[in-house]
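Understanding the architecture of this molecule
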Amino acid sequence: KLYKEIGKANVLINCPRKLFTNELISLAKNMEWVHTAAAGIEEYLVSNFVNSKIIFTNGKILQGPEVADHALALLLSLSRNLKAFSKGKNTKNLRRPFELYKKQALVVGLGGIGTCILDRLDSFGMQVDVISEEMPPLLSKIRKFFELKDLLKISHKYDAIICSAPLTKKTKKLFNFNFFKQMKKNSIFINVSRGPLVDTKALIKNNLYKKFKGIGLDVVEEEPLPKNHKLRKANNVVLTNHIAGLSDNNRHRAYELLIKNIERYLNSKPLLNLVDKAKGY
């Protein structure tokens, strides 16, 4: 039915990803605006859509508070050895918990989520650098600003690195074997963005994951990880099932944005949360 009616529509809201195809866009002769409540939008970037003049908006920024909370939950769980303690395991050989105060942190990706993570890390007294492909706001919380090309050169400096970057052609498997090998021993790595940014096989190659104080992954390349996967059995790894974006307020914010944008569209005003389809975010 969608394919039959799409030619009449000017606006498409929250289309299921599997139905958003080049064929659908070729039929959408009158389409002016597409909106999805999701923050991750790589599956919508089919060529006919990217090359069109159709405006695209999404749920970026809105999921900042809850995803940042989740990133900090993973960070604290790992820094305080909560997984081992909560399961009553032998903790004699565990590395001592470390405090976040004055530790060095790097946030990769400074959109709505990354900015909220930055805010929380700063409140714990961490010294935070950021990587962004856009010029960040000149906030006192940001110690240094780097570009994506600098990642491998600086990765050895940090006690914690948190990924909140979008999934694009540039960032796919950005966190690979060479990157993890460069990271400081007894450091923490966290991903609350998209699974394919991290080469999961690289973490288990030569048991590389064992060098870390902890690894926290809300997302992985292929979800879910197999039940017998090495990372599931590791004391220093915390896995959650792609739940960082859930909260009691996220849908409310999504509805508010949608209502505002419908009003703006009807009054020929610029829409909020525009996506640059060429950049992929």
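Heads up: these notes are all about the structure in this document. Model, not experiment: these values are computed from the prediction. (Residues numbered from 1 in each chain as written. Predicted model: local features only at pLDDT ≥ 70, side-chain atom pairs only at ≥ 80, totals over all residues. Heavy atoms only, no water.)

**Digging into the packing of aromatic side chains**
Summed over all chains, the structure comprises 11 aromatic pairs. Note on Trp33 and Tyr265: the rings are 5.5 Å apart at their centroids and 35° apart in plane angle, and the pair reads as tilted. Here the residue Trp33 occupies a position in strand 2 (residues 33–35), and Tyr265 occupies one in helix 11 (residues 250–266), the gap between them amounting to 232 residues. Its relative accessible area of 23% is what places Tyr265 among the partly exposed residues. Joined through ring pairs, the aromatic side chains of Phe175, Phe179, Phe180, Phe189 and Phe212 make up one cluster. (Phe/Tyr/Trp six-rings, centres within 6.5 Å; stacked < 30°, edge-to-face > 60°. Helix = DSSP H or I, 4+ residues; strand = E, 2+ residues; numbered from the N terminus. Buried < 20%, exposed > 50% of the residue type's maximum accessible area, 1.4 Å probe, protein only.)

**Some remarks on helix 6 (residues 112–123)**
Taking 1.5 Å as the rise per residue, helix 6 with 12 residues should run 16 Å; its terminal C-alpha atoms sit 17 Å apart, in good agreement. Gly112, Ile113, Gly114, Cys116, Ile117, Leu118, Arg120 and Leu121 are the residues of helix 6 that are buried. Lining the buried residues of helix 6 we find helix 4 (64–79), strand 4 (104–108), strand 5 (127–131), strand 6 (142–146) and strand 7 (160–163). Of the residues one or two after helix 6, Gly125 is the one with positive phi, at around 85°. (Expected span 1.5 Å × (residues − 1). Contact = heavy atoms within 4.5 Å.)

**As for unusual backbone geometry**
Residue Pro224 is bonded to the preceding Glu223 through a cis peptide linkage, with omega at -10°. Its location among the elements puts Pro224 in the loop between strand 9 (214–217) and helix 10 (230–233). The backbone of Asn81 sits at a positive phi, close to 60°, despite the residue not being glycine. Phi is positive for Asn186, close to 70°, though the residue is something other than glycine. Given the relative accessible area of 27%, Asn186 is considered partly exposed.

**Observations regarding the sheet that holds strand 7**
The parallel open sheet is built from 7 strands, whose spatial order is 6-5-4-7-8-9-10. Strands at the two margins of the open sheet, each flanked by one partner only, are strand 6 and strand 10 (237–239). Each strand axis lies, on average, 15° off the axis of its neighbour in the sheet, ignoring direction. Judged from the 4 bridges that link them, strand 8 (residues 188–191) and strand 9 form a sheet pairing that is parallel. Each residue of the ladder has a partner; that of Phe189, found in strand 9, is Ile215. Here helix 4 sits on the sheet and contacts strand 7, strand 8, strand 9 and strand 10; the angle it forms with strand 8, its principal contact strand, is near 155°. The sheet contacts of helix 6 involve strand 4, strand 5, strand 6 and strand 7, and relative to strand 4 the element is tilted by about 170°. (Pairing = 2+ DSSP bridges. Axes fitted to C-alpha atoms, helices over the stretch in contact; angles between N-to-C directions.)

**Side note on the sheet that holds strand 3 (residues 55–57)**
Read across the sheet, 3 strands follow the order 1-2-3 without closing on themselves; strand pairing throughout is parallel. Strands with a single pairing partner mark the edges of an open sheet, and in this sheet they are strand 1 (11–13) and strand 3. Each neighbouring strand pair of the sheet contributes to a mean axis angle of 10°, computed without reference to strand direction. Here strand 2 runs beside strand 3; their pairing, made up of 3 bridges, is parallel. Across the sheet, His35 pairs through a bridge with Thr57, a residue of strand 3. Against the sheet, helix 11 makes contact with strand 1, strand 2 and strand 3, and its axis sits at roughly 175° relative to strand 2, the strand it touches most.

Just distances and angles here, no functional claims.
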